[in-house]
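Each chain, letter by letter, is given below.
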Amino acid sequence: SWNKNLTQLLSLINQSESKDNYAWIMDRIERSLWHLWSDAVVSFQRDKEFLLDNKMRSKRKILIYLGFLSKKSGFRIQQSATAGGPLGELVQWSDILSALFTMGHELIVTSEYEELVGLVLCVCVCVCVCVIFIFRSVFFLCFFTSSLYLLSFVFSASWFVCFCLLRIIDTFGTEAPYNSLTYSKKFKNLKTAWGGQELDLRQFYTMFPHSPDNSFMGFVVEQHLNTTESRSIERKQQALVYGKSLYMWSGMQDYLSVISKHVEIHATVFTNSNEAHLLPSFVHNHGILSGPDLHRLLSESKLFIGMGFPYEGPAPLEAIAAGCVFINPKFNPPHSSLNTKFFKGKPTARELTSQHPYTEHFISNPNVFTVDISNLKEVERVVKQALQLIDTNKVKPYLPFEFTHKGMLQRLNAYMEHQDFCTPHKNIWPPVRAVRLLVSESGQSCKDACWSRNMTCEPSHFRRINKPQTFEHLFSSSSSAARPYTGEAELHHPSVSEKLGTCYLQGDNLLFSCVSRTEGYLRVCPCRNFLRGQIALCPDCL
Ligand code: UDP
């Protein structure tokens, strides 16, 4: 059944040896958002929506390891939380803990390595016993921080039993060539400390729907003001700059000066007493604010100004939900692990076309303007246009459903009920009826091919369609298709070569990929539709 007992959740987190490190998480859960989780549950129950009925859900024991908060990791994330350090991970973990607990699962939370060793072995023994004696599918799941490589010792003995139970919280995502050990060994630039796990790519849960290959976990966008309260706040001729740390402001003077001709510039940047003079003189700095104070400031502002870093954080979505227009710096050429230090060593070559690709591609005008910030004329034109849209009431606060409490509960519940990496052939999800086959254009990825027809690539069906019959069915009227050629381990298979007409099956299950593409090859793609505002799910997925 649903669990709405906040004290129980807080005491569960408080038992951890490094409980001081959970202060920010506890604060977010307790202060601002708990009642909204409960409201979401009440609304589900009232409307009997989304089949989130109690009878439909199974209760699981879930071991949650937040390694990045451990004393040993040395990350000091909690300590830097009030000093401009990264908060996105803390936001996401607060919401994962809240959502899983609200859903009634039994949680065991730890961030200490020594404690984890015992717990993991215990989980593995229990799973073995269940599998051998009860023949039931597993009821344990483990959620981990993405620093999985730290855990290789723990898993070396138990890996084969436990691997299908893992869910890795992986902010930026993992792609097939980095995930496969055999493939990554072939190319020097693919070997990274974070890759080579050889898990199903959907076991990696990301912050945004970066790629259909991984599962989109997300978070909840904080909203403090109820609609009547926020409507009564008057918007001033002001902009808030997105940048909590002083280093993010380097080289931004000219860009911000242009904007300051039209609006007053505000900031929430952490500075020591001797650093305040390093900010441009026209900036009104409030220092790091608490959630409610930040949201009041956003509701009073017209623009939220990106400066190119941090990448893909929660704040732009909060600003858009508060009714600001987000000025999103465009990247040309795109930033990726191939050309940007920040992404070096991350197990993905995904290209960011702007500071915040989700807002660029999923939200866009009039809430978001993506602009080359080195082109000051263009910046000024866009700022004027955005201000005019706000002043004529053409910009409405917007929050995609997938970032609401209900959206996150719906999505996570679907994953908990349906994702099965232990017996994937038996329990294929989403069901076959939700999937359509498409052939891409030459050199196009399945992600793009499906998207161009208003669908998303569905990697869980690659295995099922990787058969000669699929090609026979797709190319029955075409004389150019030769007999399928088996066993090729290349990222773009299953595919057809444009020149020869030869059909290729994928020879290595770890290399199935929605995002891969190679010039001269037409990819064979499983695509599915999706719910409006909830790309991870489709009508048949619930
Ligand atoms: N935040 C805050 N006070 C501030 C500035 C930001 O509480 O003065 C919060 C913000 O509401 C958001 C979180 O910090 O929920 C993460 O912000 P950001 O988008 O900057 O992501 P990060 O780079 O920290 O991961």
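That block above? That's the structure.
Residues numbered from 1 in each chain as written. Predicted model: local features only at pLDDT ≥ 70, side-chain atom pairs only at ≥ 80, totals over all residues. Heavy atoms only, no water.

**Student:** How should I be thinking about the packing of aromatic side chains in this particular structure?
**Tutor:** Here the distance between the centres and the angle between the planes together describe a pair of aromatic rings. According to the stated counting rule, one finds 28 aromatic pairs in the structure shown. Measuring from centroid to centroid gives 6.2 Å for tryptophan 34 and phenylalanine 101, while their planes differ by 50 degrees, and the two rings are tilted. Of this pair, tryptophan 34 sits in helix H2 (residues 23-47) while phenylalanine 101 sits in helix H4 (residues 88-102), placing them 67 residues apart in sequence. Both residues of the pair, tryptophan 34 and phenylalanine 101, count as buried. Between the aromatic rings of phenylalanine 172 and phenylalanine 343, the centroid separation amounts to 5.5 Å while the plane-to-plane angle is 90 degrees, which identifies the pairing as edge-to-face. Residue phenylalanine 172 is found in the loop between strand S4 (166-169) and helix H7 (176-179), and its partner phenylalanine 343 is found in the loop between strand S11 (325-335) and strand S12 (352-354); the two are separated by 171 residues along the sequence. (Phe/Tyr/Trp six-rings, centres within 6.5 Å; stacked < 30°, edge-to-face > 60°. Helix = DSSP H or I, 4+ residues; strand = E, 2+ residues; numbered from the N terminus. Buried < 20%, exposed > 50% of the residue type's maximum accessible area, 1.4 Å probe, protein only.)

**Student:** Sorry, what's going on with the nonpolar core here?
**Tutor:** Most often, soluble globular proteins have nonpolar side chains that are buried together. Ranked by internal contacts, the top residues of the largest apolar core, which has 78 residues, are Ile25, Leu66, Leu90, Leu107, Phe304, Phe403 and Leu409. Sorting elements by how many residues they give to this core places H2 first, with ten residues. When residues no more than four places from it in sequence are discounted, the contact partners of phenylalanine 304 are Leu240, Val241, Tyr242, Leu298, Ala315, Pro316, Ala319, Cys324, Val325, Phe326 and Ile327. Ranked by size, the runner-up nonpolar core spans 32 residues in total, among them Trp249, Val283, Ile305 and Phe369. (Core = buried A, V, L, I, M, F, W, Y, C linked by side-chain atoms within 4.5 Å. Contact = heavy atoms within 4.5 Å.)

**Student:** I keep staring at the packing of H4 against helix H15 (residues 405-418) and nothing clicks. Help me out?
**Tutor:** Think of two packed helices as two axes; the pair is described by the angle between the axes and how far apart they sit. Remark: H4 packs on H15, axes separated minimally by 10 Å, with the N-to-C direction vectors making an angle of 70 degrees. One way to sum up the angle between H4 and H15 is to call them roughly perpendicular. Where H4 crosses over H15, the two elements pack in a sense that is right-handed. Packed against H4, whose contacting residues are Asp95, Ile96, Ala99, Leu100 and Thr102, the element H15 presents Met408, Leu409, Leu412 and Met416 at the interface. (Axes fitted to C-alpha atoms, helices over the stretch in contact; angles between N-to-C directions. Parallel < 35°, antiparallel > 145°, perpendicular 65-115°, else oblique. Left-handed = near helix turned anticlockwise from the far one by under 90°.)

**Student:** Could you clarify how one ought to interpret the pairing of strand S1 (residues 61-65) in this entry?
**Tutor:** The side chains of a regular strand alternate, first on one face of the sheet and then on the other. Of all five residues in S1, four are buried, a share of seventy percent or more. For S1 and strand S2 (residues 106-110), the ladder comprises five bridges, and the chain directions are parallel. Following the sheet pairing, isoleucine 64 is matched in S2 by valine 109. (Pairing = 2+ DSSP bridges.)

**Student:** Would you explain the site of the ligand in this entry?
**Tutor:** By nearness alone, 15 residues border the ligand, and Leu87, Gly88, Tyr242, Lys244 and Glu318 come closest of all. In the model, an oxygen atom of the ligand is placed 2.7 Å from a nitrogen or oxygen of the tyrosine 242 side chain. For the ligand, an oxygen atom lies 2.3 Å from a polar atom in the side chain of lysine 244. Look at the ligand: alone it shows 540 Å² of surface, and the protein chains cover 92% of it. Every element with two or more residues in the shell around the ligand is listed here: H4 and helix H12 (315-321). A breakdown of the residues in the shell around the ligand according to their chemical character gives ten nonpolar, three polar and two charged. (Near = heavy atom within 4 Å. Polar contact = N/O pair within 3.5 Å; in protein donor to acceptor, adjacent residues only side chain to side chain. Areas by Shrake-Rupley, 256 points an atom, 1.4 Å probe, with all protein chains shown as cover. Nonpolar A, V, L, I, M, F, W, Y, C, P; charged D, E, K, R; others polar.)

**Student:** What's the story with the state of the cysteines in this structure? I'm lost.
**Tutor:** When the sulfur atoms of two cysteines share a covalent bond, that bond is a disulfide. Enumeration according to the criterion identifies five disulfides in this entry. Covalent S-S linkage joins cysteine 164 and cysteine 422, the inter-sulfur distance amounting to 2.0 Å. The S-S bond linking cysteine 164 to cysteine 422 shows a torsion near 85 degrees; that makes this disulfide right-handed. Within this pair, whereas cysteine 164 is found in the loop between helix H6 (152-162) and S4, its partner cysteine 422 is found in the loop between H15 and strand S14 (435-442), the two being separated by 258 residues in sequence. (Disulfide = S-S within 2.5 Å.)

**Student:** Sorry if this is basic, but what is going on with helix H10 (residues 253-260) here?
**Tutor:** Side chains three or four residues apart in an α-helix point the same way, a direct result of the helix having 3.6 residues per turn. Those residues of H10 lying buried are Tyr255, Leu256, Val258 and Ile259. Down the axis of H10, the sector holding all buried residues measures 155 degrees, keeping them to one side. Contacts from the buried residues of H10 go to strand S7 (238-241), strand S8 (264-267), strand S10 (303-305), S11 and helix H14 (376-391). (Arc of directions from axis to C-beta.)

**Student:** What am I meant to see in the pattern of salt bridges here?
**Tutor:** Opposite charge on two side chains lets them pair, provided their charged atoms get close. Enumeration over the complete set of coordinates arrives at twelve salt bridges. For the salt bridge of aspartate 391 with lysine 302, the shortest nitrogen-to-oxygen distance reads 2.7 Å. Linking aspartate 391 in helix H14 with lysine 302 in the loop between helix H11 (291-300) and S10, this pair joins segments that are 89 residues apart in sequence. Classification of lysine 302 by relative accessible area gives buried; the value is 7%. Linking glutamate 519 and arginine 517 is a salt bridge whose minimum nitrogen-to-oxygen distance equals 3.8 Å. Accessibility expressed as a relative area gives 58% for glutamate 519, which makes it exposed. One salt-bridge network, in which partners are shared between bridges, spans Arg28, Asp95 and Glu222. (Salt bridge = Lys/Arg side-chain N within 4 Å of Asp/Glu carboxyl O.)

**Student:** Would you explain unusual backbone geometry in this entry?
**Tutor:** Trans is the prevailing form of peptide bonds, just as negative phi is the prevailing case for residues other than glycine. Following asparagine 365, the chain continues to proline 366 via a peptide bond in cis, the omega torsion being 0 degrees. Structurally, proline 366 can be placed in the loop between helix H13 (357-363) and strand S13 (368-371). Here the amide bond leading from histidine 493 into proline 494 is cis, since omega sits at 5 degrees, within 30 degrees of zero. Residue position: proline 494 is located in the loop between strand S16 (485-488) and strand S17 (495-497). Residue serine 364 is not a glycine yet carries a positive backbone phi of 55 degrees. Note on placement: serine 364 falls in the loop between H13 and S13. The partly exposed category is assigned to serine 364, whose relative accessible area is 30%. The phi angle at asparagine 393 is positive, at roughly 60 degrees, despite the residue not being glycine. With respect to the secondary-structure elements, asparagine 393 resides in the loop between H14 and H15.

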